[in-house]
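Below are the chains, spelled out letter by letter.
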Amino acid sequence: MPIYEFKCEKCGKIFEALCFTKEDEKDVRCIYCGSKDVTKEYSSFATSWGRGFIGGSGSCGGGRGFGFG
Ligand SMILES: [Zn+2]
């Protein structure tokens, strides 16, 4: 899913918006105050290591037969 992080320059809040095209990015509005004065934030993934990874499907399903052919 093409979800990007945006920052509202008016209220300073960070929010995420779904953008399929570049045109969608121009049309993004702040979900808090409705302002169009928003800037696209780069993903904070690279800058904040060690925030904690959520996930890990810890289910080892045993006893399931894999049939090939
Ligand atoms: Zn705002």
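Reference entry: report on the structure contained in this document. One numbering rule holds for all chains: residues counted from 1, following each sequence as written. The predicted origin of the model limits local features to residues at a pLDDT of at least 70 and limits the giving and counting of side-chain atom pairs to 80 or more, whereas totals for whole chains, interfaces and linings rest on all residues. Only heavy atoms go into the side-chain values, all of them from the structure, while hydrogens and water stay out.

### What about the nonpolar core?
Buried Ala, Val, Leu, Ile, Met, Phe, Trp, Tyr and Cys residues that are joined via side-chain atoms within 4.5 Å together make up what is termed a nonpolar core. Three exposure classes are used, based on accessible area relative to the maximum for each residue type with a 1.4 Å probe and protein chains only: buried under 20%, partly exposed in between, and exposed over 50%. Core analysis: the largest hydrophobic core is formed by 8 residues, namely Phe-6, Cys-8, Phe-15, Ala-17, Cys-19, Val-28, Cys-30 and Val-38. Looking at this core, the elements with two or more residues in it are strand 1 (3–8) and strand 2 (14–18). In what follows, a contact means two residues having at least one pair of non-hydrogen atoms within 4.5 Å. Filtering out sequence-adjacent residues up to four positions away, Cys-30 remains in contact with Cys-8, Cys-11, Phe-15, Ser-35 and Val-38. Here a helix means four or more residues in a row that DSSP labels H or I, a strand means two or more in a row labelled E, and each is numbered from the N terminus.

### A closer look at the sheet that holds strand 3 (residues 38–41)
Spatial strand order, 2-1-3: 3 strands in an open sheet with antiparallel pairing. Taken across any chain shown, the strands that pair with only one partner, and hence form the sheet edges, are strand 2 and strand 3. Taking each pair of neighbouring strands and ignoring which way they run, the sheet shows an average axis angle of 40°. Following DSSP output, two strands are said to pair if at least two bridges run between them. Strand direction decides the pairing type here: strand 1 and strand 3, joined by 4 bridges, are antiparallel. Considered in strand 3, the bridge of Lys-7 is made with Thr-39. Axes here mean lines fitted to C-alpha atoms, for a helix over just the part in contact, with angles spanning 0 to 180 degrees between N-to-C directions.

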